[in-house]
Amino acid sequence: MNTSGDVKIEVEGDREALDKFVTELETMAPPLARIEGITAVEATVKGYNQFEIRHSLAEEGKYQLVSPDIATCEACKRELLSPEDRRYRYPFTNCTNCGPRFTIIEDIPYDRPKTTMRCFKMCPECQREYDDPLDRRFHAQPNACPKCGPSLSLVNGSGETIACPDVIAEASKLLKEGKILAIKGLGGFHLACDATNAGAIQTLRDRKRRPYKPLAIMLATVEEIKEHCFVSEEEEKLLASPECPILLLRWKEDSSVSCKVAPELKHLGVMLPYTPLHHVLLRETGMPLVMTSGNISEEPIAKDNDEAIRRLKGIADFFVVHNRDIYARYDDSLAIVEKGKPQLVRRARGYAPYPIHLPFRAKEILACGAELKNTFCVTKEDHAFISQHIGDMENLETLEHFENTIELYLKLFRIKPRILAYDLHPEYLSTKYAKERADEFTLVPVQHHHAHIVSCMVENGVQEPVIGVAFDGTGYGSDGTIWGGEFLIADYRGFERVGHLEYVPLLGGAAAIERPYRMAFSYLYTLLGEGILDCELPFLRDIDQHEKEVMKRQLEKGINCPLTSSCGRLFDGISALLGIRGTVDYEAQAAIELEMAAPDDFQGTDSYPFSIAEQDGVKIVKLSELFQAVIHDVENRLSIGTISAKFHRTIAQIAAEMCQRIAAERGIRKVALSGGVFQNRLLLRLTADLLEREGFAVLTHSLVPTNDGGISLGQATIANFSFSD
Ligand code: ZN
Ligand code: ZN
Ligand code: FE
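The structure presented is a predicted model; accordingly, all values stated were derived computationally and were not measured.

A. Representation of the sheet that holds strand 14 (residues 377-386). Taken in spatial order, the 4 strands of this open sheet run 14-13-15-16, and their pairing is mixed. Here the strands that pair on one side only, and so sit at the sheet edges, are strand 14 and strand 16 (442-446). Mean inter-strand twist for the sheet, computed between neighbouring axes without regard to direction, equals 60°. Its contacts with the sheet put helix 22 (residues 711-720) on strand 13 (356-367), strand 14, strand 15 (419-423) and strand 16, and the angle it makes with strand 13 is roughly 85°.

B. Examining the packing of aromatic side chains more closely. The full count for this structure, using the stated rule, is 18 aromatic pairs. An angle of 85° between the planes, with centres 6.5 Å apart, marks the rings of tyrosine 63 and phenylalanine 413 as edge-to-face. With tyrosine 63 in the loop between helix 1 (15-27) and helix 2 (74-81) and phenylalanine 413 in the loop between helix 10 (396-412) and strand 15, the pair connects residues that are 350 residues apart, well separated along the chain. Look at phenylalanine 413 and you get buried, because its relative accessible area is 0%. Arranged with centres 3.9 Å apart and planes meeting at 15°, the rings of phenylalanine 385 and phenylalanine 413 form a pair that is stacked. Taken together, the residues phenylalanine 385 in strand 14 and phenylalanine 413 in the loop between helix 10 and strand 15 connect sequence positions 28 residues apart. One aromatic cluster in this structure is built from Tyr63, Phe102, Tyr330, Phe376, Phe385, Phe402, Tyr409, Phe413 and Tyr433. The side chain of arginine 418 reaches across the aromatic face of phenylalanine 441, ending 5.5 Å from its centre.

C. Representation of the pairing of strand 11 (residues 334-338) in the model. Buried residues dominate strand 11, accounting for 5 of its 5 residues. Covered by surrounding structure in strand 11 are Leu334, Ile336 and Glu338 together with Ala335 and Val337, the residues of both alternating faces. In this sheet, strand 11 lies alongside strand 7 (residues 246-251) in parallel orientation, the contact comprising 2 bridges. Its bridge partner being in strand 11, leucine 247 is matched across the sheet by alanine 335. Sheet analysis places strand 11 next to strand 12 (residues 341-346), joined by 5 bridges and oriented antiparallel. Following the sheet pairing, valine 337 is matched in strand 12 by proline 342. Once strand 11 ends, the chain turns through 2 residues before running back antiparallel as strand 12, passing lysine 339 with a positive phi of about 55°.

D. Up close: helix 19 (residues 624-635). When the terminal C-alpha atoms of helix 19 are compared, their 17 Å separation across 12 residues agrees well with the 16 Å that a helix rising 1.5 Å per residue should span. Of the surrounding elements, those touching the buried residues of helix 19 are helix 14 (516-528), helix 15 (538-541), helix 17 (567-577) and helix 20 (640-666). Where helix 19 ends, the next residue or the one after it, arginine 637, has phi of about 55°, a positive value.

E. Spatial organisation of the coordination of the iron ion (ligand 3). For the iron ion (ligand 3), the full set of protein donor atoms is His448 (NE2), His452 (NE2), Asp472 (OD), Asp472 (OD) and Asp708 (OD), at a range of 2.0 to 2.6 Å. One chain supplies every donor to the iron ion (ligand 3), and in sequence these donors are spaced H-x3-H-x19-D-x235-D. Pair noted here: aspartate 472 is in strand 17 (residues 466-476) and aspartate 708 is in the loop between strand 25 (697-699) and helix 22, with a separation of 236 residues, a long-range link. Relative accessible area serves as the criterion here: at 3%, aspartate 472 is assigned to the buried category.

F. Region of interest: helix 14. Relative to the 18 Å expected for 13 residues at 1.5 Å per residue, helix 14 spans 18 Å between its end C-alpha atoms, a close match to the ideal helical length. Of all 13 residues making up helix 14, 11 are buried, and the element is well covered by its neighbours. Buried within helix 14 are the following residues: Pro516, Tyr517, Arg518, Met519, Ala520, Phe521, Ser522, Tyr523, Leu524, Tyr525 and Leu527. Phi turns positive one or two residues past the end of helix 14, at glycine 529, with a value near 90°.

G. Layout of empty space enclosed by the protein. Scanning the model with the defined rule gives 5 cavities of 30 Å³ or more in all. For the largest cavity, the calculated volume is near 150 Å³. Looking at the largest cavity, it is lined by 19 residues, and the ones nearest its centre are Pro91, Leu186, Thr275, Pro276 and Arg324. For the lining of the largest cavity, the element with the highest residue contribution is helix 8 (residues 276-285), accounting for 3 residues.

H. Spatial organisation of the pattern of salt bridges. One pass over the structure, following the stated rule, counts 49 salt bridges. When the shortest N-O distance is used, the salt bridge between arginine 86 and glutamate 129 registers 3.1 Å. Taken together, the positions of arginine 86 in the loop between helix 2 and helix 3 (124-131) and glutamate 129 in helix 3 put the pair 43 residues apart, joining distant regions of the chain. Aspartate 166 serves as the salt-bridge partner of arginine 89, at 3.2 Å between the closest nitrogen and oxygen. On the criterion of sequence distance, the pair formed by arginine 89 in the loop between helix 2 and helix 3 and aspartate 166 in the loop between strand 2 (161-162) and helix 4 (167-176) is long-range, its members being 77 residues apart. The structure contains a network of salt bridges with shared partners spanning Arg86, Arg87, Glu125, Glu129 and Lys147.

I. Inspection of the domain arrangement of the protein chain at higher detail. Under the domain assignment used here, the protein chain contains domain 1 (152-322), domain 2 (349-462 + 708-720) and domain 3 (468-699). The straight-line distance from the C-alpha centre of domain 2 to that of domain 3 is 29 Å. Contact with domain 2, which involves 24 residues of that partner, is made by 27 residues of domain 3. Taken together, the two surfaces of domain 2 and domain 3 that pack against each other cover about 1,900 Å², and 68% of this comes from carbon and sulfur. Among the residues domain 2 hides against domain 3, the three largest losses belong to His449, His450 and Ile453. Together they make up 31% of the total. Connecting domain 2 to domain 3 are 1 salt bridge. For glutamate 587, the salt bridge is made with lysine 373, and the minimal N-O distance between the two is 2.2 Å. The tally of links between domain 2 and domain 3 comes to 9 residue pairs in polar contact (both at pLDDT 80 or more). Elements with a contribution of two residues or more to the side of domain 2 that touches domain 3: strand 13, helix 12 (448-459) and helix 22.

J. Here's a closer look at a nonpolar patch on the surface. Taken together, the side chains of Val7, Ile9, Val11, Phe21, Val22, Ile35, Ile38, Phe51 and Ile53 present a nonpolar region at the surface, about 710 Å² in accessible area. Here phenylalanine 51 is to be found in the loop between helix 1 and helix 2. For phenylalanine 51, a relative accessible area of 60% translates into the label exposed.

K. Spatial organisation of the side chain of arginine 518. Here arginine 518 is to be found in helix 14. Residue classification places arginine 518 among the buried residues on the basis of a relative accessible area of 8%. Side chain to side chain, arginine 518 and glutamine 554 meet in a polar contact 3.0 Å long. Beyond its immediate sequence surroundings of up to four residues, arginine 518 is in contact with Leu507, Gly508, Ala511, Ala512, Glu547, Met551 and Gln554.

L. Quick peek at the environment of glutamate 657. On the secondary structure map, glutamate 657 appears in helix 20. Separated by 537 residues in sequence, glutamate 657 and phenylalanine 120 place their C-alpha atoms 63 Å apart. With near-sequence residues (within four places) excluded, glutamate 657 lies in contact with Phe610 and Ile612.

The rules behind these values
- Sequence order as written defines residue numbering, which begins from 1 separately in each chain.
- Here the convention is simple: chains get letters from A, ligands get numbers from 1, in the order in which they are written.
- In keeping with the predicted nature of the model, local features appear solely for residues at pLDDT of at least 70, side-chain atom pairs appear and are counted solely at 80 or more, and the whole-chain, interface and lining totals rest on all residues.
- Side-chain measures here rest on the full set of heavy atoms in the structure, leaving out hydrogens and waters.
- Note on pairing: DSSP must find at least two bridges between two strands before they are called paired.
- Helical segments are the DSSP runs of H or I of at least four residues, strand segments are the runs of E of at least two, and each set is numbered from the N terminus.
- Geometry is summarised by axes, namely lines fitted to C-alpha atoms with helices restricted to the contacting stretch, and by angles between N-to-C directions that run from 0 to 180 degrees.
- Here a residue-residue contact requires only that any non-hydrogen atoms of the pair lie within 4.5 Å.
- Here a pair means two rings of Phe, Tyr or Trp (six-membered ring of Trp) with centres within 6.5 Å. Their orientation is stacked below 30 degrees between planes, edge-to-face above 60, and tilted elsewhere.
- Each residue's exposure class comes from its accessible area (1.4 Å probe, protein chains only) as a fraction of the maximum for that residue type: buried when under 20%, exposed when over 50%, partly exposed otherwise.
- Ring-over charges, as used throughout, are those where CZ of Arg or NZ of Lys falls within 6 Å of the ring centre and within 35 degrees of the ring normal.
- Residue count minus one, scaled by 1.5 Å, sets the expected span of a helix.
- Distances up to 2.8 Å from the metal define which N, O and S atoms are donors, and 3.2 Å serves for Na, K and Ca; water is absent from the atom set, so sites may look incomplete.
- Here a cavity is any set of points on a 1 Å grid over the protein atoms alone where a 1.4 Å probe fits but cannot get out, and a pocket is any open set with protein on both sides within 12 Å along at least 5 of 7 lines; a residue lines the site when it has an atom within 4 Å of a point.
- Grid points are joined across faces, edges and corners, and a volume is the space filled by probe spheres set on the points.
- Salt bridges, as used here, are contacts in which a Lys or Arg side-chain nitrogen is within 4 Å of a carboxyl oxygen on Asp or Glu.
- Here the limits of each domain have been adopted from an automatic or database domain assignment.
- Buried area adds together the accessible area that both of two parts lose upon being put together, with accessible area traced by a 1.4 Å probe.
- The definition of a polar contact used here is a pair of N or O atoms within 3.5 Å, where within protein one atom must be able to donate a hydrogen and the other to accept one, and adjacent residues in sequence count solely through side-chain atom pairs.
- Within this analysis, patches are made of residues with over 30% relative accessible area and no salt bridge. Like charges are joined at 9 Å or less; nonpolar side chains (Val, Leu, Ile, Met, Phe, Trp, Tyr) at 5 Å or less.
- Here, Shrake-Rupley sampling with a 1.4 Å probe gives the accessible areas, and only protein chains in the shown set may cover a residue.

Structural data, given as structure tokens:
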């Protein structure tokens, strides 16, 4: 019997048979079963003569885990592609081993009436499968077929439904013609077009107002992916896993995928089809398709038909919609494999809402996360439910998505938190959300980088103090400055800031983030003095005289120049100084292109000088020698790739040297690496290798993002330990 808490099974027999039953419950469980634990108790014999499955029972306060949506399984794929099967080309084929779960469930226990499938009545044949314990579709709640289930329709750019006997065939014809289609998937709409057609992609970019941001693509099979990208064994395993994330893969030079898909980048975001609709469409279209989230710039992904047509009108030429409603917005997950280990960059489809297991028992807490790449986290017992990727909390649509999703999680997992954790940054929408609820909750403010480090510790099951290296874009510091190049001694209860990169003015505040050349200007002026601005650096020549004067005045007088120790800004500044990228279209673009500039086969061991000063017991990394040396290399026309490689190595050496000094004083040999800058694979590899070679135990992220998507887990943990009992 299924209950809202657990599954209760009553079996009778001799001791040996019962023991075997308990063992096989675990060893022979179906592929998607997650057994959290088995408790066996003796009961009085009732004399059962058959195995019977009773109706689900809702129990007050009890909860169970909810499965993420799972990519189409092999058996369903076979049926889908066999002309003689009754589900041939049927875009909603699924079974107990695959298909939608989280995106269609409104409450637990997970039964059809509590999902958006409730309005489809199963035909006799589907019902027979559903009722048969030996069938692959036994109790598959979204079970459906062409006779009784959801169906597709085609809508034109002005929102009118077009009569069309075969929507997939028509859609694939339109894609081949270079049209842009909005296609309803599991957790929202994708915008799709031919990934080999530069013109179609340019049109999509113009309409989406996204000149550079890399777009994900979908290919029919792993073999096809290998025509365009290098795929390692671990990468292949992850690509074809039931979670089926987008994976960043090394792009081949001779790939026919247009360079407009990911301008200036060496990696391509690639995924396999994960719904029956995708499988059929990709095979019939016969080419790689761009599959990017259906939104305008930073708004959340569109999920309802009307909403999609309203918001994506003017971007999509046609809409492929269907009549199975999406209850929860759910983006594609994005991952990389580094040092043989998967690392999630965006955690959503296939992963959320499965919990992270905590190395302690938690109070019921809601942690609001950060601003960019927001996730929230709710805890109960030894579970941390990190939400799916919510998005950048910069507009009301995303805030609404955040609030609705919190409500859903609290309902699904029967959590009534009284404690609310939030970031110190006063301007975050998530902080404002928290402060508005001061009457109902005990509020716990958490410093951003402390949360980063603790999130990495929790994921690795580590509780004792570590040296935390938080290399990040921006985070509000306890002293009101903007942190981001931090060395902390941290545990769940607190932290001490034992070192950081030296402060420089963030020239013009947010403007310095969008225009990295302002950062470069600030570093030069602050570290090397006004005179350096007269030297013949190409990037300085590109800034107009008037703006230079304004910037100088701002720096002299400290107008709109908050201080920052950010490592992300240091990467931005170097990128602009080298003339790689002076203004950005998407977050961290300048830093990413700086990473891309470093050659893979760089053999040299050179790096740049730096020094460490001691100020009131805090170690400050001084950067003037580094900038002096970089300028020297630029003037001597050393290649940008070599400078980039030397710079990356220097940052790794800074981390290692700081950790050595801290370890010598404190006796801690465990280092946690966290923060958005560690999405830089080259830097992560160099830093982790160097630290390991020097005998440190190094903790890195895997299931929890190293970027701000991981903040909520750290916040929840720190809030849990902020009460002494
Ligand atoms: Zn299946
Ligand atoms: Zn049916
Ligand atoms: Fe951060």
